[in-house]
Amino acid sequence: MPPKTIKPAQHLKPSGQMEEEGKVLASKKLAEPQSEDNAATNDDILRAVQSLREDCSKQFTDTMDAINGIKSDLLSQAQRMGAAEERISQAEEDVIALQHKVNKLEETTEFLRNKVQDLEDRGRRSNLRLLGLPEKMEGSNMCAFIENFLPTILRDEFGSPPVTERAHRVGQVNPNRPSTPRAIVIKFLNYQDREKALRAARKMKELRYEGQRISLFPDLSAETRQRQRQFDGVKAQLRGMGIRYGMLYPAHLIVTHAGQQHVFKTVAEADDFVRSVRTTA
Amino acid sequence: MPPKTIKPAQHLKPSGQMEEEGKVLASKKLAEPQSEDNAATNDDILRAVQSLREDCSKQFTDTMDAINGIKSDLLSQAQRMGAAEERISQAEEDVIALQHKVNKLEETTEFLRNKVQDLEDRGRRSNLRLLGLPEKMEGSNMCAFIENFLPTILRDEFGSPPVTERAHRVGQVNPNRPSTPRAIVIKFLNYQDREKALRAARKMKELRYEGQRISLFPDLSAETRQRQRQFDGVKAQLRGMGIRYGMLYPAHLIVTHAGQQHVFKTVAEADDFVRSVRTTA
Amino acid sequence: MPPKTIKPAQHLKPSGQMEEEGKVLASKKLAEPQSEDNAATNDDILRAVQSLREDCSKQFTDTMDAINGIKSDLLSQAQRMGAAEERISQAEEDVIALQHKVNKLEETTEFLRNKVQDLEDRGRRSNLRLLGLPEKMEGSNMCAFIENFLPTILRDEFGSPPVTERAHRVGQVNPNRPSTPRAIVIKFLNYQDREKALRAARKMKELRYEGQRISLFPDLSAETRQRQRQFDGVKAQLRGMGIRYGMLYPAHLIVTHAGQQHVFKTVAEADDFVRSVRTTA
């Protein structure tokens with residue numbers, strides 16, 4: 001919509017003409033005496049007074065015209081203001097309606113974001129992240145390598161070798177630590193095999209392969225890993241205090257202390273707990 | 001943006017001074033006669049008239065000054081109004097642009113909500129909901145129990161036992177009906193096994209295990225189940241009328257009546273159908 | 001919120017009364033002479049002047065009253081304007097806040113749209129689209145047919161027959177080409193079988209079954225296929241120029257030319273490349 005054109009206020013014409021009349025009034029001398037003896041007769045004077053009265057009357061009329069013009073302007077400005085106020089009210093209503101809709105949209109997208117994150121994580125439930133295997137050790141067929149490798153390092157956990165659907169390196173080699181190999185993500189055909197591998201790794205505490213330390217983790221979406229990493233600081237403190245903890249999906253910290261389990265949904269809650277334990281210890 | 005400061009209207013100074021002049025004009029008597037006989041000469045009178053003329057002229061000038069000041073105020077108010085109207089126009093345009101964007105966002109989130117719901121349901125396509133199995137009957141290994149349990153109650157439907165990836169109780173025991181066991185959700189490795197189980201259950205009409213009635217359902221997202229439950233009332237009426245019906249994914253009611261199939265996407269449509277059948281019956 | 005009611009500007013009453021006074025001033029003749037000789041005495045004249053002075057004074061007072069009323073109006077209009085300007089400022093702030101939120105929402109929904117599309121495609125990673133198999137040739141059990149059909153046309157690629165979870169025709173027969181059969185979507189239990197089938201089909205270049213040409217493609221979401229189809233024109237040109245190309249997920253064109261690989265994320269980029277090759281050729 002183009003901006004409304006501004007109507008010039010009506011009746012606001014230059015008032016020069018009226019000022020002119022004012023000067024005429026001020027400078028006008030009494031009319032020349034009309035009697036022949038050159039002395040002002042009373043009739044002359046009365047005419048002068050009458051003329052002044054007429055001039056004043058004329059001025060008063062002009063003044064009133066100007067005032068009426070102004071009043072008319074004021075009235076139309078008041079109407080213009082009224083129209084503007086109605087537009088403002090309409091805009092305010094529209095803004096409020098938009099705010100409600102936007103709040104609703106924010107809730108919906110937050111809901112969808114959580115759903116999508118959950119779907120991403122569910123799609124990774126049969127996946128394992130394997131850290132520490134030197135680059136290239138897998139040869140040219142990662143799946144075949146993994147199906148053989150896991151039963152080897154996890155000993156007799158697998159009755160039959162696991163079936164992998166996919167397995168590949170992820171991310172890029174960190175240029176600052178070129179000897180740190182990239183993670184491997186393994187998708188098992190059956191979720192049970194992923195669980196077997198994680199259970200066996202927990203039981204064995206340390207996995208080694210040709211001198212390399214190997215670690216196994218569930219595979220989670222980038223968002224969930226990011227949320228879990230926020231607890232890294234408080235986890236380090238808990239380790240230092242000898243307190244047991246674990247992560248609950250998606251990113252809740254579960255702490256076992258003095259025979260009680262505590263679940264913290266935010267880092268702040270967990271920090272408070274650590275502080276309170278330190279204080280009472 | 002802070003609210004604009006309100007500029008005081010210009011020229012709106014107290015007009016006390018001008019009123020003062022008005023009173024002077026009213027009270028001023030004619031100048032003392034300047035001739036010695038104490039009678040007003042014509043020259044005295046003419047001077048008085050001239051003085052009045054000058055006073056009037058002065059008043060008129062003052063009035064015109066005031067009027068010009070007011071006109072100038074009106075002009076600047078008109079400009080101020082013009083500026084305000086332009087801001088309103090801009091805000092109106094912005095609001096319209098926002099409304100379009102918000103409408104688009106509402107469509108997009110609705111599209112995404114449906115997609116996400118569909119993805120959730122797809123992720124459950126190999127899942128079965130099993131109702132009626134008393135709590136704890138499964139022992140400590142739900143998967144092993146189910147792989148044995150299903151071929152038992154479904155007889156010879158499964159050539160080889162189904163492979164389950166996961167199986168667990170869901171939800172919480174209803175405190176008002178503590179003897180009603182929680183549902184069990186079973187994820188089969190292969191969708192075919194889920195279909196076999198549902199087909200067999202439909203064929204057998206009633207499943208019983210150690211005296212307990214067992215029911216099998218497809219596993220659907222909470223949203224889809226919620227949408228399907230809206231048809232519960234109309235389904236009860238159809239059952240009462242002996243009319244066959246079924247659910248189509250995600251939440252459409254399919255009714256077979258008088259040799260014709262009807263698909264209803266909303267409860268209202270289905271209600272209309274029930275009413276029309278009752279009327280013609 | 002209802003539109004504010006427009007307050008009538010104060011003091012803008014009809015000024016008829018004051019105009020009346022103006023006419024009185026203009027028409028009023030000098031008072032009748034009070035001396036008996038019917039000639040105006042100087043005292044008569046002075047009274048007339050004094051009367052005129054009083055009338056003028058009265059007029060001036062009336063004028064000033066009107067002007068003061070107007071000034072008061074102007075002041076209240078200025079205040080009203082100030083209030084309106086504050087409301088505009090508030091609305092402008094609200095609009096800016098909304099714009100930020102809406103921009104954020106647009107980013108979030110775009111992020112979610114990509115995530116959802118990716119999830120849809122991931123859910124189809126074990127799926128194959130098979131084109132060209134005449135309608136009805138599959139008989140009544142599509143899965144059983146496919147598990148037998150694929151090893152037959154792909155020769156010895158499959159050591160053991162693939163396990164299919166689902167297989168069905170998709171879409172509708174095109175009424176303009178009724179002899180073109182609908183596509184078949186096959187979901188393999190194991191992604192490896194999908195890959196085996198695609199690899200074997202690529203190796204064999206042309207697949208034929210009972211005289212029909214059969215093609216195999218990865219199964220992608222409608223959105224991704226739509227994005228890939230945008231490259232159809234440029235692909236046809238590349239084929240005409242004998243240049244090798246392929247699609248990278250989700251919809252990037254990879255072109256191998258003069259020993260170099262080029263990846264184009266948009267059709268425009270690919271068009272530019274084709275033009276530059278034509279120019280230099």
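A quick note: this is a predicted structure, and the numbers were derived from the prediction, not measured.

**Q** Please give an account of the overall build of chain A that cites residues and values.
**A** Across its full length, chain A holds 7 helices and 8 strands. Per-residue burial for chain A yields a buried fraction of 44% across its 281 residues. Of the contacts formed within chain A by residues at least 6 apart in sequence, a portion of 58% connects residues at least 24 apart. For chain A, the computed accessible surface area is about 15400 Å², with 51% contributed by carbon and sulfur atoms.

**Q** Quick rundown of the relation of the copies chain A and chain B? Include the residues and the values.
**A** The transform that puts chain A on chain B rotates by 119° and translates by 0.1 Å along the axis, for an RMSD of 0.2 Å. The transformation just described matches what one would write down for a three-fold rotation axis.

**Q** Before we move on, could you go through the packing of helix H2 (residues 42-122) of chain A against helix H2 (residues 42-122) of chain B and cite the residues and values that matter?
**A** Direction vectors running N to C along H2 of chain A and H2 of chain B enclose 15°, while the axes themselves pass 6 Å from each other. Considering their axes alone, H2 of chain A and H2 of chain B lie roughly parallel with respect to each other. The interaxial crossing formed by H2 of chain A with H2 of chain B has left-handed handedness. The class makeup of the residues in the contact of H2 of chain A with H2 of chain B is 40 nonpolar, 15 polar and 14 charged.

**Q** Kindly report on the sheet that holds strand E8 (residues 260-264) of chain C, identifying the contributing residues and their values.
**A** Each strand in a sheet pairs with its neighbour through backbone hydrogen bonds, running either in the same direction (parallel) or in the opposite one (antiparallel). Residue and element names in this part refer to chain C. Strand order in the open sheet formed by 3 strands is E6-E7-E8, and the pairing between neighbours is antiparallel. Among the strands making up the open sheet, the edge pair consists of strand E6 (244-248) and E8. Across this sheet, the average inter-strand angle for adjacent strands is 20°, counted without regard to direction. Across the sheet, helix H7 (residues 267-280) lies against strand E7 (252-257) and E8, angled at about 140° from E8, the strand it touches most.

**Q** Outline the interface of chain C and chain A, listing residues and values.
**A** Taken together, the contacts link 61 residues of chain C with 50 residues of chain A. When the two sides are added together, the surface that chain C and chain A hide from each other amounts to roughly 5200 Å², 66% of it contributed by carbon and sulfur. There are 6 salt bridges connecting chain C and chain A. The shortest N-O distance in the salt bridge between Lys-115 of chain C and Glu-120 of chain A comes to 3.2 Å. Between chain C and chain A we count 9 residue pairs in polar contact (both at pLDDT 80 or more) in total. Of all elements in the fold, only helix H1 (16-27), helix H2 (42-122) and helix H4 (191-204) of chain C reach the threshold of two or more residues within the side of chain C that touches chain A. Grouping the amino acids of the side of chain C that touches chain A by side-chain chemistry returns 33 nonpolar, 14 polar and 14 charged.

**Q** Go over H4 of chain C with me, naming the residues and quoting the values.
**A** Over its 14 residues, H4 of chain C extends 20 Å from the first C-alpha to the last, a length consistent with the 20 Å expected when each residue adds 1.5 Å. What H4 of chain C keeps buried is the set Tyr-191, Asp-193, Arg-194, Ala-197, Leu-198, Ala-200 and Ala-201 of chain C. Buried positions along H4 of chain C lie against strand E2 (164-169) of chain A together with strand E1 (127-131), strand E3 (184-188), strand E4 (207-209) and strand E5 (212-218) of chain C. Residue Asn-190 of chain C occupies the N-cap position of H4 of chain C, its side-chain oxygen lying 2.8 Å from the main-chain nitrogen of Gln-192 of chain C.

**Q** Can you tell me about the side chain of Thr-108 of chain A, naming the residues and giving the values?
**A** With respect to the helices, strands and loops of the structure, Thr-108 of chain A is situated in helix H2. Excluding residues that lie within four positions of it along the chain, Thr-108 of chain A makes contacts with Thr-109 and Arg-113 of chain B.

**Q** Break down the sheet that holds strand E7 (residues 252-257) of chain B for me, with residues and values.
**A** Residues and elements named next belong to chain B. Ordered by their spatial adjacency, 3 strands build an open sheet running E6-E7-E8, and the pairing between neighbours is antiparallel. Unpaired on one side and paired on the other, strand E6 (244-248) and strand E8 (260-264) mark the two borders of the sheet. Averaged over all pairs of adjacent strands, the angle between strand axes in this sheet comes to 20°, irrespective of strand direction. Bridge analysis of E6 against E7 gives 5 bridges, and the strand direction is antiparallel. Bridging from a neighbouring strand, Met-247 pairs with Leu-253 of E7.

**Q** Describe the interface of chain A and chain B, naming the residues involved and giving the relevant values.
**A** Frequently, the measure chosen for interface size is the accessible area removed from exposure when the parts meet. Taken together, the contact pairs 62 residues of chain A with 50 residues of chain B. Taken together, the links from chain A to chain B amount to 6 salt bridges. Here Glu-106 of chain B and Lys-101 of chain A are joined by a salt bridge, their closest N and O atoms 4.0 Å apart. Contributing elements (two or more residues each) for the side of chain A that touches chain B: helix H1 (16-27), H2 and helix H4 (191-204) of chain A. Tallying contributions element by element places H2 of chain A first for the side of chain A that touches chain B, with 35 residues.

**Q** Break down the packing of aromatic side chains for me, with residues and values.
**A** Scanning the model with the defined rule gives 9 aromatic pairs over all chains in all. Where Phe-264 of chain A meets Phe-273 of chain A, the ring centres are 5.1 Å apart and the plane angle is 40°; that geometry is what we call tilted. Exposure remark for Phe-264 of chain A: the relative accessible area of 9% places this residue in the buried category. Through successive ring pairs, a cluster of aromatic residues spans Phe-145, Phe-149 and Tyr-209 of chain A. Sitting over the face of the ring of Tyr-191 of chain C, Arg-166 of chain A holds its NZ or CZ atom 4.3 Å from the ring centroid.

**Q** So what about the pairing of strand E5 (residues 212-218) of chain A? Which residues, and what values?
**A** Residues and elements named next belong to chain A. Here 4 bridges tie strand E1 (residues 127-131) to E5, and the two strands are oriented antiparallel to one another. Bridge pairing in E5 links Leu-130 to Leu-216. Of the pairings in the sheet, the one linking strand E4 (residues 207-209) to E5 comprises 3 bridges and is antiparallel in character. Its bridge partner being in E5, Leu-207 is matched across the sheet by Ile-214.

**Q** Residues and numbers for the pattern of salt bridges, please.
**A** Per the stated rule, a full pass over the model turns up 55 salt bridges over all chains. Note that Arg-213 of chain B and Glu-206 of chain B form a salt bridge whose closest N and O atoms lie 3.7 Å from each other. With relative accessibility at 47%, the residue Arg-213 of chain B sits in the partly exposed group. Residue classification places Glu-206 of chain B among the partly exposed residues on the basis of a relative accessible area of 40%. Connected via shared salt-bridge partners are Glu-120, Arg-124, Arg-129, Asp-219 and Glu-223 of chain A together with Lys-115 of chain C.

**Q** Residue-level account of unusual backbone geometry, with values.
**A** Following Tyr-249 of chain B, the chain continues into Pro-250 of chain B via a peptide bond in cis, with omega recorded as -5°. Within the secondary structure, Pro-250 of chain B is located in the loop between E6 and E7. If you check the backbone angles, Glu-210 of chain A has positive phi at about 45° while not being a glycine. One can find Glu-210 of chain A in the loop between E4 and E5.

**Q** Residue-level account of the confidence of the model for chain A, with values.
**A** Residues and elements named next belong to chain A. Across chain A, pLDDT averages 85, with 86% of residues at or above 70. Taken element by element, chain A is modelled with least confidence in H1, mean pLDDT 51, and with most confidence in strand E3 (residues 184-188), mean pLDDT 97. For residues 30-36, every residue scores under 50 in pLDDT, and the model assigns this stretch 12 contacts once sequence neighbours within four places are set aside.

Criteria and thresholds
Residues numbered from 1 in each chain as written. Chains lettered and ligands numbered in written order. Predicted model: local features only at pLDDT ≥ 70, side-chain atom pairs only at ≥ 80, totals over all residues. Heavy atoms only, no water. Helix = DSSP H or I, 4+ residues; strand = E, 2+ residues; numbered from the N terminus. Buried < 20%, exposed > 50% of the residue type's maximum accessible area, 1.4 Å probe, protein only. Contact = heavy atoms within 4.5 Å. Areas by Shrake-Rupley, 256 points an atom, 1.4 Å probe, with all protein chains shown as cover. Least-squares fit on C-alpha atoms with pLDDT ≥ 70 in both. Axes fitted to C-alpha atoms, helices over the stretch in contact; angles between N-to-C directions. Parallel < 35°, antiparallel > 145°, perpendicular 65-115°, else oblique. Left-handed = near helix turned anticlockwise from the far one by under 90°. Nonpolar A, V, L, I, M, F, W, Y, C, P; charged D, E, K, R; others polar. Pairing = 2+ DSSP bridges. Buried area = accessible area lost by both parts, 1.4 Å probe. Salt bridge = Lys/Arg side-chain N within 4 Å of Asp/Glu carboxyl O. Polar contact = N/O pair within 3.5 Å; in protein donor to acceptor, adjacent residues only side chain to side chain. Expected span 1.5 Å × (residues − 1). Phe/Tyr/Trp six-rings, centres within 6.5 Å; stacked < 30°, edge-to-face > 60°. Lys NZ or Arg CZ within 6 Å of the ring centre and 35° of its normal. pLDDT = per-residue confidence, 0-100.

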